[in-house]
Amino acid sequence: MLSIISIGVSYPDTVLTNTDIEHYCSYPKIREDFPVESRRVSLPIKYIKLTGNSDIRLSELVAKKTTTDLGVEAVLEAVKKANIDLNDIGVAIADTATTLQTTPAESQRIIGRLGLKIPCYDVIGVDSAFPLHMETFANWKKDRLPKYLVSIITNTPSLFVSYGKDSSAQLYVGDCAVATIFSREEKGIFNMDLVSYKSSPVNSTLLSTNTSKDILSIPSLAPLKIHAEAFSQIQSAKLEKNLQELVSKKQKLSKIISSHLVVKEAEAMVSKLYSSASYLSNVPTFGYSFGSTAPAILAQYSTEITAGEKVAVLTGGADACIGAVILTKQ
Amino acid sequence: MLYILGAGHSHAKTVITNKFLEDLDIGTNAQWIEEKIGIFERVSTLPLDYIRITRNKDPRQAREVAASDATDLAIEASHLAMKRAGISAAQVGLVLCNTCYPEFSAPTQAQRIAERLGVNAKSYDLMSACPAFALHLNHLNCLDESILPEYILCISTATLTQTVDYNQRSDGAIWGDGAAAWVVSATHVGRLKLLDTVFEADPTRSQAVVVDRFGHFWQDGRAVRDFSVRQTVRLIKRLEVEYSIDWSNDIFIGHQANKTMLMQITANRNIPDSNHWHNVSYLGNQAGAGAPATLSMHWEKLQSNKKLAVAVVGAGLSWGSVLFEIMPSQ
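A brief look at the structure comes next.

Criteria and thresholds
Residues numbered from 1 in each chain as written. Chains lettered and ligands numbered in written order. Predicted model: local features only at pLDDT ≥ 70, side-chain atom pairs only at ≥ 80, totals over all residues. Heavy atoms only, no water. Helix = DSSP H or I, 4+ residues; strand = E, 2+ residues; numbered from the N terminus. Rg over C-alpha atoms; globule rule 2.2 N^0.38 Å. Buried < 20%, exposed > 50% of the residue type's maximum accessible area, 1.4 Å probe, protein only. Contact = heavy atoms within 4.5 Å. Areas by Shrake-Rupley, 256 points an atom, 1.4 Å probe, with all protein chains shown as cover. Lys, Arg positive; Asp, Glu negative; His and termini not counted. Charge placed at Lys NZ, Arg CZ, Asp CG, Glu CD. Core = buried A, V, L, I, M, F, W, Y, C linked by side-chain atoms within 4.5 Å. 1 Å grid on protein atoms, 1.4 Å probe; cavity = no way out; pocket = protein on both sides within 12 Å on 5 of 7 lines; lining within 4 Å. Points joined across faces, edges and corners; volume = space filled by probe spheres on them. Nonpolar A, V, L, I, M, F, W, Y, C, P; charged D, E, K, R; others polar. Pairing = 2+ DSSP bridges. Axes fitted to C-alpha atoms, helices over the stretch in contact; angles between N-to-C directions.

This part is about the overall build of chain B. Each helix and strand counted, chain B has twelve helices and 15 strands in total. Here the C-alpha radius of gyration of chain B, 19 Å, is about what a compact globule of 330 residues would show, namely 20 Å. Taking the principal axes of the C-alpha coordinates as reference, chain B spans close to 55 × 45 × 40 Å. Burial analysis of chain B (330 residues in total) assigns 66% to the buried set.

It is worth spelling out the overall build of chain A at this point. Helix and strand counts for chain A come out as eleven helices and 15 strands. The C-alpha radius of gyration computed for chain A amounts to 19 Å, which stays within 12% of the reference 20 Å derived for 330 residues, consistent with globular compactness. Expressed along its principal axes, the backbone C-alpha trace of chain A runs to roughly 55 × 50 × 40 Å. Once local pairs closer than 6 in sequence are excluded, the contacts in chain A between residues at least 24 apart make up 74%. For chain A, the exposed area adds up to about 11800 Å²; of that, 49% sits on carbon and sulfur atoms. Side-chain charges of chain A comprise 34 positive and 33 negative groups, with the mean position of each set lying 3 Å from the other.

What follows deals with the environment of Ser232 of chain A. Residue and element names in this part refer to chain A. Tracing the backbone shows Ser232 in helix α8 (residues 228-249). Looking at Ser232, the relative accessible area reads 5%, which means it is buried. Spatially, the C-alpha atoms of Ser232 and Thr98 are 20 Å apart, while their sequence positions differ by 134 residues.

The biggest cluster of nonpolar side chains holds 98 residues, and the ones touching the most others in it are Leu216 and Leu224 of chain A. The element that contributes the greatest number of residues to this core is helix α9 (residues 221-243) of chain B, accounting for seven residues. Setting aside residues no more than four positions away along its own chain, Leu224 of chain A makes contact with Pro157, Phe160, Val161, Ala169, Val173, Ser217, Ile218, Pro219 and Phe290 of chain A. With 78 residues, the next largest nonpolar core counts Ile7 and Val91 of chain A together with Leu94 and Trp182 of chain B among its residues.

Moving on: empty space enclosed by the protein. Per the stated rule, a full pass over the model turns up five cavities of 30 Å³ or more. Counted as a void, the largest cavity has a volume near 160 Å³. As for the largest cavity, its lining consists of 17 residues, and the residues nearest its centre are Thr96 and Thr99 of chain A together with Pro102, Ser105 and Met127 of chain B. Looking at the lining of the largest cavity, the elements that each hand over two or more residues are β5 (101-103) and β6 (120-124) of chain A together with β5 (104-106) and β6 (122-127) of chain B. Its residues placed into classes, the lining of the largest cavity shows six nonpolar, seven polar and four charged. Contributing to the lining of the second largest cavity are 13 residues, with Ser196, Lys198, Asn242, Glu245 and Ala324 of chain A lying nearest its centre.

Below, the discussion takes up the sheet that holds β5 of chain A. Taken in spatial order, the three strands of this open sheet run β5(A)-β10(B)-β11(B), and their pairing is antiparallel. Each edge of the open sheet is held by one strand with a lone partner, namely β5 of chain A together with β11 (217-219) of chain B. Here the average twist between neighbouring strands, direction ignored, is 30 degrees. As defined by bridge partners, β5 of chain A adjoins strand β10 (residues 209-212) of chain B across two bridges and the pair is classed as antiparallel.

Next comes the structure, spelled out in structure tokens:
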């Protein structure tokens, strides 16, 4: 049985509101019911105003927090909440879509900063990193398993976005890191009931079509692009698929979490297909941070979920994957 | 029990000779290169004129002029591996990929390769730079075999010549571009039976070898070389003791960083030339593809009743070993 012992989350302090974007980025008036009201960013607002982050190669130099910084903070918070020693962690895996160095692995950058000498490597699942990491740990042979394992998902897309009147990505992305400490030996705050991670790269809209790169792409050497309308349609399709599977499995869920860009669309879908569950999100306030988003929402609401309640964390978006985790609060 | 059923390799076509590097007038010469690192030629996806004129000052240009990319090389290597394994793409149930220099963070390299191969299965990036061969096999070896699909395709691909600053006298001599792939199964017996895997890391030294997302490759050469030799010898010694390795019969493949370093290691362990397989002298350091590409290039020379030990080290700093029993050809 895989248990979540604790979850640590780190956000940068700077809040970029829609008003900021209108004023500083010469963006046309953003409608009042726009799905994202604010997002957490690692760039100083003054820098965004002066440069529009037009040369993303310079963003690291001015960033208040990097992908690695947030990852380190999230791990430290998770360790503190777990009431364990940092040296008790036996293995670490990480995911990021926004690394500043393509080598070494992001896990090694984070764990190195923490001073640990443990096996660590990257397991990249992008939006579905959380179920992928959980599935990995859940299927580990017991005799090769350390007592505590940590999954780190960290993203700072704000460093790789252009801020200007033509960029829609700036409206949605926010920075966030989540570190989750797991154990198969010890009881935690959540037990894992079910985990699923599936890919279907062939015929994926994000891979094989002529417009794939325009829907979402995170090139290594160019700004991040999101076509929000098309992307949220992909998210909706995956959310619907996930919900239908849950219905067929007759899971008694009280909460459903996903990283959908448009909360109202997700709420409506959950209400239609799974009326017994309420939908949880923080994307309107913190922005969308790829794989960090869903587990960060879980962490935010974990104290409001009561013992015995089941929560589903459903993922799928910026890749050809779809994932689901069902947890029971202890 | 895991087996490797087939292995494949693919390399860039443009040859960079030591004379070419000498003619760049950057303070190196052919004799120095051959004595120091034992590399006579290396292969690159970059045109020679591009290197000569620009010295790859801006790596973004490298992507635009490259004759092929990491995905192209991976596809070719994968086809050979699947052919030797006697399987089609449709039979692959999992794709794992390692790369030091991805073109995109999302979708992942594994998904991009899977889509082009026509593999509609679970696929994710599993990354730790040069020791990828050991990482992938150790990762699979840690997982409960009952959940593994029938055939798993592992790939390591990198085009690190695109990250080289060709004004630096040593960096240009090191790297070569290539990919390797290997098909693994827990269900079917193959030529190589997996006996032992190790993967470890000391990420407190993770900044000793870096590829900046927007910049060039850099390493603390002396420290990395010392680490590489010491760690490889340590890995081999453990295998010698635990598995009664007989170097008059058994085969060794090391990390293809440089020939001089490999000669130091084989001299230390009394491994005869005839049982030391390598490819670095004429291909350069192909990062995580080096060792498995060496295996693939010697595939037809595999003889049963021998053991094959692979010890790999690299960025992270991370390292690992794999030991096989070579099975009879079926």
